[in-house]
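Coordinate analysis (summary)
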Amino acid sequence: MLITKLSVWKKALSYIGLTLVAIIYISPFLWMIMSSFRPASEPFALGIFPQSWTIQNYFRTLQDPELLMSFFNSFKVAAISAGLALVLGIPAGYGFARFGFKGRSFLMSFLMVVPTFPGILLAITLFVMAVRVGLYDTHYPLILANTLINLPFTIWNLRTVFAAVSREIEESAMVEGCSRFQALVKVVLPITVPGLAATYAFVYILSWNEYLFATTFISTSEKRLITTTMASAIGQFNVDYAKLIPAAILSTLPLIILFMFIQRYIIKGLAMGSTKG
Amino acid sequence: MPKIRIHTAYWFVLPAMLFFILLAIYPSGYVLFLSLFATGKGTAFSADFSNFSNFIAVWNHHNFSKILVQTLIYAGGATLLHAFLGFTFALLLNILPLNKTYIRTMRTVFLIPWAITPTVVAILFRLVLHPQVGPIAIFLKSIGSPVVFAPLGQTDSALLFVTLTNVWMFTPFYMLMILSALQAIDLGLYEAAVVDGANGYQQIFFITIPSIRNLLLTLMMFDFVSTAAYFDLTWIMTQGGPVLSSEIIPTWVYRTAFQSFEFGKASAIGMILFTISVIVSIIVLRVINRE
């Protein structure tokens, strides 16, 4: 539908209406951010918003050794998973972007089908496998599982990143004596850094957000990730909201901001793989 | 020369494919094996063919149809609402002739719920819907309402509110996808329709919707399949309760596998879910390819 002109009144109404809808839509999250500044001693029943404000909760959260350990574990698992996904995804994405070969379309539709396999079934087999080989309650199966579920998206997205690079650039490098692989590493990768970084960041976010495998493969509390630590905290009888809410904000807000910066680099890959994150 | 090119391509794709074979193809075969052969509890099961006893046990389970129906309500309801709301938001942001920077800002704001860690979304709505600390309950109390607001603790509303939380969280994804598809529609089509005298609604029904039909169907297919298998939100919000009123197949599989340690039976339940997913995908892909 084309609306080319609106009267001043309708235009003002559109601005006000849309802004209101947006604020109402994200209001639960805004409420949570505000609640993170509520003093620990102030009961929630006193009002929807804090009566007085403090950043003390954040200091307490950052001094909690268990939470810090969980943050570090999440960082470790997500950083390695994303790195591994990139190491496997770069050559594969490049292969799909540059070559026509037998089985190419089959493999590409296979990549689209992989995410429809229920994660809970993958959790069962990887759990049994991990127990058998003695890797249960370590971060290894977690890293492998994260790499696995995010690899299809990584390949799809990197394929679009590489397909946007002009072939002539590599061809001239190959004329000068580079192999295909050297041309990829020396010529293509340096000019696709934004796309690579965005893909890495997105897989990092998805691995950080992962909960099912983290709760299945880890039992020791020092090895828990931040998602599982928070999920078990909310299930307790006496929830320490003054620590849980700031921890939740700290675990998600930096990644939301990161996501806003990278989204334009990943939207094409998302449309093709239809990953939901 | 062409022969060498074929070889190069395979070398590039091979590492990722080996990884898939090792960690995706093998496990999916293994789940099938478990569902058919493993009986009893624990990871040291006897590997004798069990005559489909796991599938029969699941099929005859007194809660099977209840949980299946709840899964279909959850996944189907969430998918339809995602599509409807996502389309509405995208359309509004696309057709209103407002300031470009403003539209971009609104698009970013609407994306926030999807960018929040799902565990945090689950915790957030447990708090928002909480009967003591939640803002809605506090508001109701402050105006003297006698209503007891505990939607996640009541059997008739838990599934509904988990579904709505899912809708809140994933609608932005639809908005993002549909908006970028709407922006790609050739404006000349609308101009031609205006010349032919089409009104706004006719333009939406005869140009906008057909243009994004395949994207929308693909999105909804993946959405239905992945929501039916989506564990995190339901588990953290209600653990399938109270009294299994929000139990869906993935939480049932989890309970069976990791609380009762009946891996064969859990695999059988999961295989039923996977079969439904495959059937839905095939039907939708047929519809798309019929064009």
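Here's what I pulled together on the structure shown here.

What counts, and where the lines are drawn
- Along each chain, residue indices are assigned from 1 in the same order as the chain's sequence is written.
- Note on labels: chains are lettered from A, ligands numbered from 1, in written order.
- Local features in this predicted model are restricted to residues whose pLDDT is 70 or higher, and side-chain atom pairs enter the listing and the counts only when it is 80 or higher, whereas totals over whole chains, interfaces and linings include all residues.
- Elements are defined by DSSP. Helices are runs of H or I of four residues or more, strands are runs of E of two residues or more, and each kind is numbered from the N terminus.
- Whether two residues are in contact is decided by their C-beta atoms, placed from the backbone, lying within 7 Å.
- Gly is placed with the polar residues, together with every amino acid not listed as nonpolar (Ala, Val, Leu, Ile, Met, Phe, Trp, Tyr, Cys and Pro) or charged (Asp, Glu, Lys and Arg).
- By convention in this section, buried Ala, Val, Leu, Ile, Met, Phe, Trp, Tyr and Cys residues joined through C-beta atoms within 7 Å make up a nonpolar core.
- A residue is called partly exposed when the number of other C-beta atoms within 10 Å of its own lies between 12 and 20, exposed at 12 or fewer, and buried at 20 or more, with C-beta atoms placed from the backbone.
- Lines fitted to C-alpha atoms define the axes here, with helix axes fitted over just the stretch in contact, and angles between the N-to-C directions of these axes take values from 0 to 180 degrees.
- Orientation labels follow simple angle bins: below 35 degrees gives roughly parallel, above 145 gives roughly antiparallel, 65 to 115 gives roughly perpendicular, and whatever is left gives oblique.
- For any pair of crossing helices, the crossing counts as left-handed if the nearer helix is rotated counterclockwise from the farther one by less than a right angle, and right-handed if it is rotated clockwise.
- By definition here, a helix of n residues has an expected span of 1.5 Å times n minus one.
- Fitting axes to the seven residues that end at a residue and to the seven that start at it, the angle between those axes gives the bend at that residue.

We now examine the overall build of chain A. Secondary structure assignment for chain A yields 12 helices and zero strands. Traced from its N-terminal end to its C-terminal end, chain A shows the element sequence α-α-α-α-α-α-α-α-α-α-α-α. The C-alpha extent of chain A, read off along each of the three principal axes, is 75 × 70 × 35 Å. Taking all contacts inside chain A whose residues are at least 6 apart in sequence as the whole, residues at least 24 apart take part in 74%.

In this section: the environment of Ile269(B). All names here are of chain B. Structurally, isoleucine 269 is set in helix H12 (residues 263-289). Along the backbone, isoleucine 269 and isoleucine 236 are 33 residues apart, and their C-alpha atoms lie at a distance of 21 Å. Setting aside residues up to four positions removed in sequence, isoleucine 269 forms contacts with Val58, Ile249, Trp252, Val253 and Thr256.

The subject of this paragraph is the interface of chain A and chain B. Tallying the contact residues gives 70 residues for chain A and 83 residues for chain B. Where the side of chain A that touches chain B is concerned, the elements lending two or more residues are helix H1 (8-35), helix H3 (65-98), helix H5 (119-133), helix H6 (140-163), helix H10 (212-217), helix H11 (226-234) and helix H12 (241-273) of chain A. When grouped by side-chain class, the residues that make up the side of chain A that touches chain B number 50 nonpolar, 16 polar and four charged.

The nonpolar side chains of soluble globular proteins are, as a tendency, buried together. Core analysis: the largest hydrophobic core is formed by 148 residues, its most contacted members being Ile120(A), Ile124(A), Ala248(A) and Leu124(B). With residues near it in sequence (within four places) discarded, Ile120(A) still touches Leu212(A), Ala229(B), Phe231(B), Pro250(B), Val253(B), Tyr254(B) and Gly270(B).

With that out of the way, let us pick up the packing of helix H3 (residues 64-95) of chain B against helix H7 (residues 158-182) of chain B. All names here are of chain B. Two elements in contact, H3 and H7, have axes whose closest approach is 6 Å; the angle formed by their N-to-C orientations is 40 degrees. One way to sum up the angle between H3 and H7 is to call them oblique. For the pair H3 and H7, the sense of crossing is right-handed. Residue composition of the contact of H3 with H7, by class: 19 nonpolar, eight polar and no charged.

All names here are of chain A. End to end, H6 covers 33 Å across 24 residues, agreeing with the expected 34 Å (1.5 Å per residue, within 8%). At asparagine 150, H6 is bent by approximately 45 degrees, the largest bend along its length, and proline proline 152 sits one to four residues beyond. Of all 24 residues in H6, 22 are buried; the element is thus mostly enclosed.

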